[in-house]
Structures are given as C-alpha cells and as structure tokens.
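Listed below are the residues making up each chain.
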Amino acid sequence: MKEIKDDLVQLIRLALAEQTDDVRLFVARLVRKYRDGDPELVEQINLYLKSKPTRKSTALRKTTIASKETVLPRDDESRLSLLKVFKDKPDDVHPLLSTELEDTLGQLIQERKQVAKLASLGLDPTRSAIFVGKPGVGKTLTSRWLAAQLNLPLYVLDLTAVMSSLLGRSGSNIRAALDFAKSSPCILLLDEIDSIAKRRSDDSDIGELKRLVTVILQELDEWPAEGLLLAATNHPELIDPALWRRFDLKVEFELPDRKSIKEAIQHFSGQDYALLSRWADVLAFAFEGESFSDIERAIQRFRRALALGTDSDADMVEDFIKTRAINLDRQKKIEFSVLLAKQTRFSQHAISDITGVSRDTIRKHLKDDKPTEGD
Ligand SMILES: Nc1ncnc2c1ncn2[C@@H]1O[C@H](COP(=O)(O)OP(=O)(O)O)[C@@H](O)[C@H]1O
Ligand SMILES: [Mg+2]
C-alpha cells in the first residue's frame, strides 16, 4: 500500500507539472513493475499509452505529410538529414569480430530469427544494446552488418550532430527521429550517445538535457520488439547511470590484438596480400594499439603507392615503421629490432636507424634471444 501511495503521489506530481514525457516514462516503469502481478491492469495502462502516442515534433509533422516511408526527419534550420540510412546486403559488410563478439552477436541474430520460439516461452528478444569501444573499432560497421543479417534497414542518428543544433530543439529532433524509426521495423543506432552527457557539463540548460535523457529512457522501455535499438559510445563513463542500466546488452569492442591485427592486414590488403604478407609480422608489431580503421587507412596508402609504382614495398614499410618506432618505449624498441633482424633483410645498420637502438645492443639481444623456428 505504501508503495502504491508513493507511486500515486509521484504520478500526480508529474501530471500537474505537465511533464508529459516523465509521466509516460513513469507509467512505462509501472507497467514493468506490475507486469507479472497484475496483467489486467498492465493491459489497460498499455491501451492508454498506445491511444495517446508520443508527442510528435513540428519538424516531423511537416516532413511526414508527403510520405512517411521515404522522407527522413531533418533539423529545420540546418536541413541536414538527421538520420543516415544504410540498406546493406548481407554480403556487403564484413566486420572482423573477435570470437567473443561473434558469439554475443550471433545469439542476438538467432534471437531475432527465432522470435516465435522465444515468444512461446514468454520471452522477448534483446531489444536494446550499447556498443562500447574506441573510435574505429567497428561499432558502426557492426551495426550495419547486424541490420544486413536481419534484413532490416539501419538508421543512424548521430547525436553529436543533433546536440550541436540549437539545444532547445534537440529534444524534438531526437523525438522526430525516434518516432520515424518506430514507424517500421528497423535497427536504430544512437551514435555517440555520450554527446548528450558531454553537453551537460558545459551548458546551463540542465532541464532540457534531463528531458532528452528522459525521452531516450522512455523509448528504451517501450521500444517495439520487432526493432532493435542500438547505441554506441567511446565514453561509457559519461553515460547517465539510469540510461546505462536500461540497455538489455552491453557489448565491448576491443582494439585488435596481434592476431586480429594480422587478420586485418590480410583483410585490408586484398590481392596485394601476395606482396604484403611477408611484412605481416613486422606490420602487426607496428600497428599494436591502433584501431581497425587506422590499420585500414595505412594499408590503403601502401596499396595506392604499390599501384602507382612510386615506391618499393620494402621502402614503404621501412618509412612507415620508422614513424611508428619513435613512439615505442625502450623495451619495445629492442623487441622490435630483434624482430626486424630476424624477419627482414634490413641490415643491422638500417634497423638501428629505424628503431634508434644501437647495433651493439641489437647484436647482444639477438645472441640472448632463443632461436625460433625457421632460424
Ligand atoms: N572490426 C572491423 N572490421 C573491419 N573493418 C573495420 C572494423 N572496425 C573498423 N573498420 C573499418 O574502419 C571504418 C570505421 O569503423 P567504424 O565502424 O565507423 O568505427 P566506430 O563506429 O567504432 O568508430 C569502417 O568503415 C571499416 O572500414
Ligand atoms: Mg561510429
């Protein structure tokens, strides 16, 4: 009884303050709370929630008159499309995934493909997930891949772009995008979701930001099971804890390890791998700590140079690893020198030039180093 009283008071408070967004959020919470205990009550509440759809922004109303199917919501002022659309075929996108990621995402896909089976057991598929990881590790690419595997379009809402528009309109922009995405089965990716939080620290309009978070919280609670709501961030520590908790699944995207880097080199080299493969170990060492997208960019540059015949592969690799070796610590520089001495035809003089380690030191470590296979 005490709990019901508290809920009632809270509801009255929100309703009288005309905080419709918060009322909806609160009611959605009640639905979850009473789902098992009082299904009839929940059904009734759900009817009300559905009969009074989320307030549409003027931006959306204007744009949807023509055709809801094709017209994407835009920010009125900038006229930039708020949502980027990807309709990839299953074979179009190939993210490199760790086995762990493959397992997690594999289950996500299977849940979708076997919704009926889950439903027969009273289970919902995963409705929301947040991707965490440094820039360029494949969060967006993997979202595209997921959408392609599930034969759904992917809509990406870049929250940095939304937040950089006038703050007062961010709420209606986000709502327009969310409403659009909810109107047909799709995957919606809220990219750089931390930008909402980042804005909070250097802006005075806390009220509006709170409402933005509320809008998203509410959507997370109500997101239709036919769709999938994804979010991506490289700053998980900035995410509102209430928001963080709402995601059904948290997925970590790591920087590639040595083995994945070698796969990436092969993947990005295409037919030039015939030429580049002999540098794979050396490059993998040099690429440590880099993202997939950094690796891709460097390999693309090699490939262009090879295509133009401007440089030999050895010269190219030498130039490249020289710029990378500068940033290594002393121990790594020595390790790298030993690797270069064993795996390449660079002279000790050249290696010393690349890594800055003296020839004496290289020789000493080569002697200490146990011979490996093929030596
Ligand atoms: N895991 C990966 N496998 C293959 N390519 C990748 C991967 N991660 C990044 N890339 C490459 O880098 C580009 C940018 O990656 P993206 O998915 O936008 O990274 P994020 O969203 O994590 O910042 C991709 O379009 C792709 O070319
Ligand atoms: Mg991205």
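Remember, predicted model here, so these are calculated numbers, not experimental data.

How each quantity is defined
- Sequence positions are assigned chain by chain, starting from 1 and proceeding in written order.
- Chain letters and ligand numbers both follow the written order, the letters beginning at A and the numbers at 1.
- A pLDDT threshold of at least 70 governs which residues receive local features in this predicted model, and a stricter bar of 80 or more applies before side-chain atom pairs are shown or counted, although totals over entire chains, interfaces and linings include all residues.
- For the side-chain quantities, the full set of heavy atoms in the structure was used; hydrogens and water were omitted.
- One requirement defines pairing of two strands: DSSP has to find at least two bridges between them.
- Each helix corresponds to a stretch of at least 4 residues labelled H or I by DSSP, and each strand to a stretch of at least 2 residues labelled E; elements are numbered beginning at the N terminus.
- What counts as an axis is a line fitted to C-alpha atoms, over the stretch in contact for a helix, and the angles between N-to-C directions run from 0 to 180 degrees.
- Under the pairing criterion, centres of Phe, Tyr and Trp rings, with the six-membered ring standing for Trp, must be within 6.5 Å; the plane angle then separates stacked pairs below 30 degrees from edge-to-face pairs above 60, leaving the rest tilted.
- To sort residues, take the accessible area from a 1.4 Å probe on protein chains only and compare it with the maximum for the residue type: under 20% means buried, over 50% means exposed, and anything in between is partly exposed.
- Here a patch means residues that are over 30% exposed by relative accessible area and free of salt bridges, tied together within 9 Å if like-charged and within 5 Å if nonpolar (Val, Leu, Ile, Met, Phe, Trp, Tyr).
- To be clear on the numbers: accessible area is Shrake-Rupley with a 1.4 Å probe, and residue cover counts the displayed protein chains and nothing else.
- Whenever Lys or Arg places a side-chain nitrogen within 4 Å of a carboxyl oxygen from Asp or Glu, that contact is recorded as a salt bridge.
- For the purpose of counting charges, residues Lys and Arg are taken to be positive, whereas Asp and Glu are taken to be negative. His and the chain ends are not included.
- To locate a charge, take NZ of a lysine, CZ of an arginine, CG of an aspartate or CD of a glutamate.
- Angle categories: roughly parallel below 35 degrees, roughly antiparallel above 145, roughly perpendicular from 65 to 115, and oblique for all the rest.
- With the far helix as reference, a near helix turned anticlockwise by less than a right angle produces a left-handed crossing, and one turned clockwise produces a right-handed crossing.
- In what follows, a contact means two residues having at least one pair of non-hydrogen atoms within 4.5 Å.
- Under the scheme applied, nonpolar residues are Ala, Val, Leu, Ile, Met, Phe, Trp, Tyr, Cys and Pro; charged residues are Asp, Glu, Lys and Arg; polar residues are all the others, including Gly.
- Being near a molecule or strand, for a residue, means having at least one of its heavy atoms within 4 Å of it.
- Pairing of N or O atoms within 3.5 Å defines a polar contact, subject to two protein rules: one partner must be a possible hydrogen donor and the other a possible acceptor, and residues neighboring in sequence count only if both atoms are side-chain atoms.
- Boundary definitions for the domains trace back to an automatic or database domain assignment.

1. Structural notes on the sheet that holds strand β2 (residues 128-133)
Within the open sheet, the six strands sit side by side as β1-β3-β4-β5-β2-β6. Their pairing is mixed. Of all the strands in the sheet, just β1 (83-86) and β6 (249-253) have a single pairing partner and so form its edges. Looking at each pair of strands side by side, their axes are set apart by 20 degrees on average, direction ignored. With four bridges joining them, strand β4 (residues 187-191) and strand β5 (residues 228-233) adopt parallel strand pairing. Bridging across to β5, Leu188 finds its partner in Leu229.

2. Overview of the packing of aromatic side chains
Applying the stated criterion across every chain yields a total of six aromatic pairs. With 4.6 Å between their ring centres and 10 degrees between their planes, Phe285 and Phe336 make a pair best called stacked. Placement of the pair is Phe285 in helix α15 (residues 280-286) and Phe336 in helix α18 (residues 330-343), with a sequence separation of 51 residues. The exposure class of Phe336 is buried, given its relative accessible area of 0%. Pairwise contacts between aromatic rings join Phe287, Phe302 and Phe320 into one cluster.

3. Considerations on a negative patch on the surface
Together, Glu100, Glu102, Asp103, Glu252 and Glu254 make up a negatively charged patch on the protein surface. Considering each element in turn, the negative patch owes the most residues, three residues, to helix α5 (residues 99-113). Within the secondary structure layout, Glu100 lies in helix α5.

4. Some details on the packing of helix α2 (residues 20-34) against helix α3 (residues 39-51)
At a closest axis distance of 9 Å, the pairing of α2 and α3 adopts a crossing angle of 155 degrees. Classed by the angle they form, the pair α2 and α3 counts as roughly antiparallel. Crossing geometry of α2 relative to α3 is assigned as left-handed. Between α2 and α3, the residues in contact are Arg24, Val27, Val31 and Tyr34 and Pro39, Leu41, Val42, Ile45, Asn46 and Leu49, respectively. Its residues assigned to classes, the contact of α2 with α3 comprises eight nonpolar, one polar and one charged.

5. Examining the site of ligand 1
Taken together, 15 residues are adjacent to ligand 1, and Leu96, Gly136, Lys139, Thr140 and Glu296 come closest. Here a nitrogen atom of ligand 1 sits 2.7 Å away from a polar atom, N or O, in the main chain of Leu96. Contact distances for ligand 1 include 2.8 Å between an oxygen atom and a side-chain N or O atom of Lys139. Relative to its free-state accessible area of 550 Å², ligand 1 is covered by the protein chains to the extent of 79%. Those elements that provide at least two residues to the shell around ligand 1 are α7 (139-149) and α16 (292-308). Across the shell around ligand 1, the residue classes break down as seven nonpolar, five polar and three charged. If you count residues domain by domain, the shell around ligand 1 takes at least three from each of domain 2 (54-253) and domain 3 (258-368).

6. Observations concerning the environment of Leu14
Position of Leu14 relative to the elements: it lies in helix α1 (residues 2-16). For Leu14, a relative accessible area of 5% corresponds to the buried category. For Leu14, the contacting residues outside a window of four places in its chain are Gln19, Asp22, Val23 and Phe26.

7. Details of the side chain of Asp88
Along the chain, Asp88 falls in the loop between β1 and α5. A distance of 2.9 Å separates polar atoms of two side chains, one belonging to Asp88 and the other to Arg144. Among all residues touching Asp88, those that are not within four sequence positions of it are Val93, Arg144 and Ala148.

8. Thoughts on the environment of Arg303
Here Arg303 is to be found in helix α16. As for Arg303 and Phe268, which are separated by 35 residues in sequence, their C-alpha atoms are 9.5 Å apart. With residues up to four places along the chain from it excluded, the contact list for Arg303 reads Phe268, Ser269, Gly270, Gln271 and Asp272. A polar side-chain atom of Arg303 sits 3.0 Å from the main-chain carbonyl oxygen of Phe268.

9. Quick word on a nonpolar patch on the surface
Taken together, Leu8, Ile12 and Leu16 make up a surface patch of nonpolar side chains, about 330 Å² in accessible area. Assignment of secondary structure puts Ile12 in helix α1.

10. Re the pattern of salt bridges
All chains considered together, the criterion is met by 19 salt bridges. Of the charged contacts in the structure, one is a salt bridge between Lys182 and Glu219, with a shortest N-O distance of 2.9 Å. Taken together, the residues Lys182 in helix α9 (residues 167-182) and Glu219 in helix α11 (residues 206-222) connect sequence positions 37 residues apart. The buried category is assigned to Glu219, whose relative accessible area is 0%. Its salt-bridge partner being Asp294, residue Arg297 comes within 3.7 Å of it at the nearest N-O pair. Taken together, the residues span about one helical turn, with Arg297 and Asp294 both in helix α16 at a distance of three residues. The class for Arg297 is exposed, based on a relative accessible area of 53%.

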